[in-house]
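Here is how the chains run, residue by residue.
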Amino acid sequence: MIHDAQMDYYGTRLATCSSDRSVKIFDVRNGGQILIADLRGHEGPVWQVAWAHPMYGNILASCSYDRKVIVWKEENGTWEKTYEYTGHDSSVNSVCWAPHDYGLILACGSSDGAISLLSYTGDGQWEVKKISNAHTIGCNAVSWAPAVVPGSLIEQPSGQKPNYIKRFASGGCDNLVKIWKEEDGQWKEEQKLEAHSDWVRDVAWAPSIGLPTSTIASCSQDGRVFIWTCDDASGNSWSPKLLHKFNDVVWHVSWSITANILAVSGGDNKVTATSDHYTRFAMFLEPDEN
Amino acid sequence: MEELDAEPPLMVVPGADPVARQLCFAWGPAEVLVCETLFGRRGTGEGGPSASRVFVVRKDQDIYIQTLRKLFNESHGIFIGLQRSEEELVGKSRKAQLVQVSKNYRSVIRACMEDMHQAACKFVSILSAMELIWNLCEILFVEAAAAGPLLLRLLDWVRLHVCDVDNMVREVLSSENPSKHKLFWNLGNTQTLTEMELKWQHWHEECQRYLQDGTFASNSHMESICKILLGDEDAILEKKELMTTWYHFLVTRLLYSHPTVKPMELRFYAQSSMDLFLGGESSPEPLDTILMAAFEFEMHQVIKECSIALSNWWFVAHLTDLLDHCKLLQSHNLYFGSNMREFLLLEYASGLFSHHSLWQLGVDYFDHCPEYGRVYLELHIERIPLNTEQKALKVLRICEQRQMHEQVRSICKIMAMKALRNNRLGSALSWSIRAKDAAFATLISDRFLKDYCERGCFSDLDLIDNLGPSMLLSDRLTFLGKYREFHRLYGEKRFSEAAKLLLMLMTAHIAPCSFWMTLLTDALPLLEQKEVVFSAEQTYELMRCLEDLTAGKSDKQKFQVDDVETMKVEMLRLALARNLARVIVKEGTLEGS
């Protein structure tokens, strides 16, 4: 049973993870599906995979019921485990790489209620920061905000890192969507978004198209999908808009790369793609009935 | 969120397992991955069938049809020409220019139809419909034909698209009064509308008289022709099988009853023609709805219906752009305030990016979208697979031309990483210099130095010799450059310069400590030259460096006495002492002379 499938940055490779504890990588160029690697290392079903930005090489993260997060890397044509994090007390449900501008940073959400942030510091070393009790009962999803440099956008002199304000969103079993912000090297809860009446299953922060608004999509056990928007000028007020109420649990939401289409999948056997712009454009996919 | 006004099309994933499966998905850059799964993570997640499959769903399959590529390529040229065309032209000359552009688009469509016809491709009928719609839009909107010429244009339009349209016309011409008909056909050039109307009225009345007088009573065939000429709807409808479509019927009707029809009157005739022709037997098809919207001059409706009916954005994007240039479109506010023209162009161009070479066309389209073109380009261009160096350079050039610095840096970093993974150090270094990535440059310089220590020579000398100011990107890189310079000076037998440089590398702390032993070892041949190279002061400096090095080592590596290392140190001490002796003598002797 495949739990997650993700294309890499260019759509040339596919990573899948499964309840058989494996993570598989396929070459999918020209419509083919050639197995490149079968990665073993987890001791339980693997819930999610995430590709890092190609500037760091071919790197894949996976998280599993076995409480582990594994980072895999391709070296000299072979895939190997490059880092393993075992600091969670319970199933790790979600992994998400930060925007490449911040470096190589991975956020992980776990059923133990904590969110861990793993940062690569060089020479095979990783630094860990943990947000304990991020969500009571458990955290189900994490999603990073796009990188936006505050103030001017003049090219920075080489070697100097611009002052990014790092943020990400998380969804949990406390029915909440939370926004976290890094301040002086510490992660703080910046916002609490309440609208769902049951566990939040997935959150997705929309890519930026240069507008002065931020957008987050969230979906829940309660069948609802909300779109949260914040006018950056005013700072911190997020307002939800109900996109739709489905008849069953909604498990997954995801934005296309230019954020013009939001795809939603749920227990009702459908994947819905909706575009907010010009009416139309919903594409329902349904398994073939016999 | 706007309400959907039509039930969205259901797309069944072929081969997906029925009944027990659910679908999860992920976005690729241009497609959606769908895979069978079962949500609900209880415990170990066991249970259910073990195998599940992944499907790739693509939206813009049209990209991959060979003959359509010609359409995309050629229309791209027309599009760019239009964007850059003379805005200063006004009135008639501007209109003529726009009509020409419209005709050019249509000829591209026809050319593709030709090719497809040869290849017996199913797309022919779609292209034919597209050309039909475009042609009508050209007549009604771009050219905005006035009463009089309007009907002629419509006649041409119908004639062009319907096979056996001329049956009726042939019958007319073979009738009793050809001269009168000739009069009719010659209108437009020399006559004003009123003159033409008068003449037509006169002729119409004459025909009516003939009919009423019973002139044709003996010949029912001629009688029906006369009735048709008089615009008798029933008579025309009797010949329904000769006309393939309601718009053919419409134009025929107009020809015989209202040849001087005004553009704004068309909608009434169009509606009634469609009703009469279809007669409640069949309901309108999408094509009919679109044409009707055009006759009603509802431009937005035409675009909307076309967007729904057609499988790709090509048609609506280009047509809307042209209509926008005709200044016919009111700004139609969408969610993020963009206008319709831009929205459609963005969607079309985004679709092009999923193709390995057509993406280059997409770049130009984004360039002409003032609000979001740039950001869309930034987001899409990063996702182009950089399979070859040439492709990467092409993409880079595009980014550099547009001052997309972030993307340039990102692409260079990706290429540097790729090169490093393939052990092409020179390439990796030049890419990281281009990316201004100091950390990576340091990493690669270390690799170079490591290589040198192991093999005794440098690779990629050309690159290192010509670093120039980019040497300053990172300290390690500077050292690499200068160290290579040292070797060059030595090779050119410029020993005193080489010596000075070597010493400076240590005293100015440009060289990392780990490399000092190597540098001192490099000093040996200089120390043992026939001519004295190092001055007394320089020799003292070298000695100090050596002592610093060994002092540091002895604390940490007491138990790691390396015979070779010890021997080297001894040799150095000896060489330095000898040099010092010689140089003191030399300096003492030459002093004052």
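Keep in mind it's a predicted model, so treat the numbers as computed, not measured.

## A look at the overall build of chain B
And step 1. Scanning chain B from terminus to terminus reveals 27 helices and four strands.
And step 2. The buried share among the 593 residues of chain B stands at 49%.
And step 3. Across chain B, every contact between residues at least 6 apart in sequence was considered, and the portion connecting residues at least 24 apart equals 62%.
And step 4. By element, 53% of the accessible surface of chain B is carried by carbon and sulfur atoms, the whole surface being about 28900 Å².

## As for the pairing of strand β3 (residues 22–27) of chain A
A regular strand carries its side chains on alternate faces of the sheet.
All names here are of chain A.
And step 1. β3 sits mainly inside the fold: five of its six residues count as buried.
And step 2. Pairing between strand β2 (residues 13–18) and β3: five bridges, direction antiparallel. Bridged to Leu 14 within β3 is Phe 26.
And step 3. If you look at the hairpin formed by β2 and β3, you'll find three residues sitting between the two strands, and Arg 21 has a positive phi there, around 75°.
And step 4. Here β3 runs beside strand β4 (residues 34–40); their pairing, made up of six bridges, is antiparallel. Note on β4: the bridge partner recorded for Phe 26 is Leu 35.
And step 5. Hairpin remark: β3 followed by β4, antiparallel, with six residues in the connecting loop; positive phi at Asn 30, about 55°.

## Some remarks on unusual backbone geometry
Residue and element names in this part refer to chain A.
And step 1. Despite not being glycine, Arg 21 shows a phi value in the positive range, around 75°.
And step 2. If you trace the backbone, Arg 21 turns up in the loop between β2 and β3.
And step 3. Look at Asp 123: it is not a glycine, yet its phi comes out positive at around 55°.
And step 4. Following the sequence through the fold, Asp 123 ends up in the loop between β11 (115–122) and β12 (125–131).

## Structural notes on the environment of Phe 315 of chain B
All names here are of chain B.
And step 1. Following the sequence through the fold, Phe 315 ends up in helix α14 (residues 314–325).
And step 2. Separated by 29 residues in sequence, Phe 315 and Leu 344 place their C-alpha atoms 9.6 Å apart.
And step 3. Residues contacting Phe 315, with those up to four places away along its chain left out, are Met 130, Ile 133, Trp 134, Cys 306 and Leu 310.

## Here we look at the pattern of salt bridges
All names here are of chain B.
And step 1. Within this structure, the stated rule accounts for 43 salt bridges over all chains.
And step 2. Among the salt bridges present, the one from Glu 406 reaches Arg 409, with a minimum N-O distance of 3.5 Å. On the criterion of helical spacing, the pair formed by Glu 406 and Arg 409 is a turn pair, its members being three residues apart in helix α19 (residues 405–421).
And step 3. By relative accessible area, Glu 406 is classed as partly exposed at 37%.

## Some words on helix α20 (residues 425–434) of chain B
And step 1. With eight of ten residues buried, α20 of chain B lies mostly within the body of the structure.
And step 2. In the segment just after α20 of chain B, Lys 436 of chain B is the residue with positive phi, at about 55°.

## A word on the confidence of the model for chain A
Close reading of the predicted structure is inappropriate where its pLDDT is low.
Residues and elements named next belong to chain A.
And step 1. Averaged over every residue, the pLDDT of chain A is 86; the share at 70 or more is 86%.
And step 2. The low-confidence segment residues 151–155 (pLDDT under 50) makes three contacts with residues lying over four places distant or belonging to another chain.
And step 3. Residue range residues 277–290 is modelled with pLDDT below 50. Its contacts to residues more than four positions away, or to other chains, number 70 contacts.

## Points about the packing of aromatic side chains
All names here are of chain A.
And step 1. A complete count under the given rule lists 37 aromatic pairs over all chains for this structure.
And step 2. Between the aromatic rings of Tyr 9 and Tyr 10, the centroid separation amounts to 5.6 Å while the plane-to-plane angle is 85°, which identifies the pairing as edge-to-face.
And step 3. On the numbers, 6.4 Å between centres and 25° between planes, the contact of Phe 168 with Trp 180 is stacked. Of the two residues, Phe 168 is situated in strand β14 (residues 167–172) and Trp 180 in strand β15 (residues 176–183); the sequence distance between them amounts to twelve residues.
And step 4. With relative accessibility at 0%, the residue Phe 168 sits in the buried group.
And step 5. Counting every residue linked through ring pairs, the aromatic cluster contains Tyr 102, Trp 144, Tyr 164, Phe 168, Trp 180 and Trp 187.
And step 6. Here Lys 166 stacks its cationic end above the ring of Tyr 102, 5.6 Å away from the centre of that ring.

Rules used in this analysis
- Residues numbered from 1 in each chain as written.
- Chains lettered and ligands numbered in written order.
- Predicted model: local features only at pLDDT ≥ 70, side-chain atom pairs only at ≥ 80, totals over all residues.
- Heavy atoms only, no water.
- Helix = DSSP H or I, 4+ residues; strand = E, 2+ residues; numbered from the N terminus.
- Buried < 20%, exposed > 50% of the residue type's maximum accessible area, 1.4 Å probe, protein only.
- Contact = heavy atoms within 4.5 Å.
- Areas by Shrake-Rupley, 256 points an atom, 1.4 Å probe, with all protein chains shown as cover.
- Pairing = 2+ DSSP bridges.
- Salt bridge = Lys/Arg side-chain N within 4 Å of Asp/Glu carboxyl O.
- pLDDT = per-residue confidence, 0-100.
- Phe/Tyr/Trp six-rings, centres within 6.5 Å; stacked < 30°, edge-to-face > 60°.
- Lys NZ or Arg CZ within 6 Å of the ring centre and 35° of its normal.

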